[in-house]
Amino acid sequence: LPDEILPAYDPTCYLCAGNARAGGVRNPVYDSTYVFTNDFAAMLPGIASTRLDEGGLMRAEAERGTCRVMCFSPRHDLSLAEMEIPDIQRVIDTWIAQASELGQTYRWVQIFENKGAVMGCSNPHPHGQIWAGDSLPDLPAREHNQQYLYQVEHGRPLLLDYLDLEIKHGERIVLGNAEWLAVVPFWAVWPFELLLLPRRHTLRLTDLDAPQQQELAEILKRLLVRYDNLFETAFPYSMGWHGAPFKTADCEAWQLHAHFYPPLLRSATIKKFMV
Ligand code: H2U
């Protein structure tokens with residue numbers, strides 16, 4: 001199926017500049033990135049602490065937090081892949097600013113993009129989300145422990161040793177520049193899964209220096225254009241940044257990275273299902 005042709009501005013879109021959102025709040029006439037608190041936030045900052053435990057079988061705990069939505073551009077018809085590098089740079093600046101701000105209050109700031117109707121994304125307007133809370137989600141918690149244990153045993157960050165191995169083999173590296181490498185991880189489960197990581201030891205998005213930020217915009221552009229060209233479609237994926245938690249001791253073992261999980265298998269319309 002050919003991709004839908006979208007207007008640059010959609011009067012019915014809740015993310016376009018100047019439009020009303022659920023609950024009646026109106027977006028400002030923004031001209032770059034724009035971040036707002038999710039009108040249906042799954043986590044709230046003022047939640048009372050409660051705990052449920054029924055015989056150890058039904059267990060739950062209240063989690064204080066916040067959820068935000070981040071528009072990458074006022075242009076309804078662009079994707080991150082189609083944006084100019086200076087505009088992608090602004091998205092990176094905003095990711096860093098959000099991580100920096102929310103990291104003062106919360107231990108875990110999850111920045112992610114869920115793209116494409118096939119991934120359950122509700123709106124083609126280029127946007128991502130930010131969820132911040134005090135608990136580490138399951139996967140980052142495992143990454144935290146494994147990186148820590150590896151560092152204790154080997155004296156080096158796990159992902160930097162892994163990167164050296166990938167460079168040595170040269171088989172799974174898809175893209176690279178002076179500061180970043182994108183590899184199909186050895187343990188990939190999705191057909192076009194990628195791991196994007198800095199070549200230098202870097203704990204968090206907030207630790208990226210100017211050359212790393214510039215090169216990130218460059219490699220993101222090439223990576224996403226390549227995804228789009230693979231099946232000549234607006235390539236769907238779920239991507240997220242993992243880095244050292246905030247307000248936590250002993251994080252030197254961490255290496256910042258982004259996961260890209262695309263659901264497509266052999267064409268624009270054949271989706272992989274985990275069975
Ligand atoms: P997706 O990226 O999965 O489509 O989610 C978009 C988010 O936008 C979703 O979490 C929020 C939804 O709660 N939203 C608002 O905050 N305001 C609205 O007016 C509609 C959708």
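The text that follows walks through the structure, step by step, so that each part is easy to find. What you see is a predicted model, and the numbers here were worked out from it, not measured in a lab.

So, how was this worked out
- Counting starts from 1 at the beginning of each chain's written sequence and moves along it residue by residue.
- At least 70 in pLDDT is required for a residue's local features to be given in this predicted model, at least 80 for side-chain atom pairs to be given and counted, and no such filter applies to totals for whole chains, interfaces and linings, which use all residues.
- Here the side-chain values reflect all heavy atoms present in the structure, with hydrogen atoms and water set aside.
- Only one rule defines a salt bridge in this text: a Lys or Arg side-chain nitrogen within 4 Å of an Asp or Glu carboxyl oxygen.
- When accessible area is computed with a 1.4 Å probe and restricted to protein chains, residues below 20% of their type maximum are described as buried, those above 50% as exposed, and intermediate ones as partly exposed.
- Cavity means a closed set of points on a 1 Å grid over the protein atoms alone, one where a 1.4 Å probe fits but cannot get out, pocket means an open set with protein on both sides within 12 Å along at least 5 of 7 lines, and lining means a residue has an atom within 4 Å of a point.
- Grid points are joined across faces, edges and corners, and a volume is the space filled by probe spheres set on the points.
- Put simply, DSSP marks the helices as runs of H or I at least four residues long and the strands as runs of E at least two long, and each gets a number from the N terminus on.
- Side-chain classes follow a simple rule in which Ala, Val, Leu, Ile, Met, Phe, Trp, Tyr, Cys and Pro form the nonpolar group, Asp, Glu, Lys and Arg form the charged group, and the remainder, Gly included, forms the polar group.
- For this description, a residue counts as near a given molecule or strand if any of its non-hydrogen atoms is within 4 Å of it.
- Counted as a polar contact is a pair of N or O atoms within 3.5 Å, where, for protein atoms, one must be capable of donating a hydrogen and the other of accepting one, and residues adjacent in sequence contribute only when both atoms are in side chains.
- Shrake-Rupley sampling with a 1.4 Å probe provides the accessible areas, and residues are treated as covered by the protein chains on show and by no other component.
- By this definition, two strands are paired if DSSP reports at least two bridges between them.
- Take the number of residues in a helix, subtract one, and multiply by 1.5 Å to get its expected span.
- In this description, one arc is meant: the one made by directions from the helix axis to the C-beta atoms.
- Here an angle of 0 to 180 degrees is reported between the N-to-C directions of two axes, which are lines fitted to C-alpha atoms, with helices fitted over the stretch in contact.
- Contacts: residue pairs with any heavy atoms within 4.5 Å of one another.

Comments concerning the pattern of salt bridges
Here comes step 1: Across all of its chains, the model carries 14 salt bridges by this definition.
Here comes step 2: The partner of Arg-172 in a salt bridge is Glu-166, and the shortest N-O contact between them spans 2.9 Å.
Here comes step 3: We classify Arg-172 as partly exposed; its relative accessible area is 21%.
Here comes step 4: Since its relative accessible area comes to 1%, Glu-166 is described here as buried.
Here comes step 5: Salt bridges linked by common partners bring Arg-156, Asp-161 and Asp-164 together as one network.

Some points on the layout of surface pockets
Here comes step 1: The space that makes up the largest pocket amounts to roughly 870 Å³.
Here comes step 2: In this structure, the largest pocket is lined by 31 residues; those nearest its centre are Asp-3, Glu-4, Gly-116, Pro-124 and Ala-234.
Here comes step 3: At three residues, the largest contribution of residues to the lining of the largest pocket is made by strand E5 (residues 108-115).
Here comes step 4: In terms of residue class, the lining of the largest pocket is built from 15 nonpolar, nine polar and seven charged.
Here comes step 5: Leu-139, Arg-142, Glu-143, Trp-187 and His-259 are, among the 13 residues lining the second largest pocket, the residues nearest its centre.
Here comes step 6: For the lining of the second largest pocket, the secondary-structure elements that each account for two or more residues are helix H2 (138-154), helix H3 (158-169) and strand E11 (257-261).
Here comes step 7: Examining the composition of the lining of the second largest pocket, we find that five residues originate from one element, H2, more than from any other.
Here comes step 8: Taken together, the residues of the lining of the second largest pocket break down into six nonpolar, four polar and three charged.

Brief notes about the site of the ligand
Here comes step 1: Around the ligand sit Tyr-14, Arg-21, Ala-22, Phe-36, Asn-38, Asp-39, Phe-40, Val-69, Cys-121, Ser-122, His-127 and Gln-129, and that is every residue in its neighbourhood.
Here comes step 2: Within the contact set of the ligand, an oxygen atom lies 2.7 Å away from a side-chain nitrogen or oxygen of Asn-38.
Here comes step 3: Contact with the protein chains covers 84% of the free accessible surface of the ligand, which is 480 Å².
Here comes step 4: Partitioning the shell around the ligand into residue classes produces six nonpolar, four polar and two charged.

Remarks on the pairing of E5
Here comes step 1: Of all eight residues in E5, seven are buried; the element is thus mostly enclosed.
Here comes step 2: As paired strands, E5 and strand E6 (residues 127-133) are joined by five bridges and run antiparallel to one another. Looking at the pairing, Ile-111 lines up with Ile-130 of E6.
Here comes step 3: Bridging between E5 and strand E10 (residues 237-242) involves four bridges; their strand directions are antiparallel. From the neighbouring strand, Glu-113 faces E10, where its bridge partner is Met-239.

Focus on H2
Here comes step 1: For H2, which comprises 17 residues, the first-to-last C-alpha distance of 24 Å matches the rise-based estimate of 24 Å (1.5 Å per residue) to within 8%.
Here comes step 2: For H2, the full list of buried residues reads Pro-140, Glu-143, His-144 and Gln-147. Buried residues in H2, looked at end-on, bunch into an arc of 100°, giving them a common side. Opposite the buried face of H2, at more than 90 degrees from it, the exposed residues are Asp-138, Arg-142, Val-152 and Glu-153.

Brief notes about the sheet that holds strand E1 (residues 34-37)
Here comes step 1: Spatial ordering of the open sheet is given by E1-E4-E6-E5-E10-E11-E9-E8-E7, a layout of nine strands whose pairing is antiparallel. Looking at which strands have only one partner, the edges of the open sheet turn out to be E1 and strand E7 (173-176). Neighbour to neighbour, the strand axes of the sheet diverge by 20° on average, direction disregarded.
Here comes step 2: Contacts between helix H1 (residues 85-102) and the sheet are confined to E1, strand E4 (65-71), E5, E6 and E10, with E4 contributing the most and set at about 165° to the helix.
Here comes step 3: Contacts from H3 reach E7, strand E8 (180-183), strand E9 (194-198) and E11, with the element oriented near 110° to E9.

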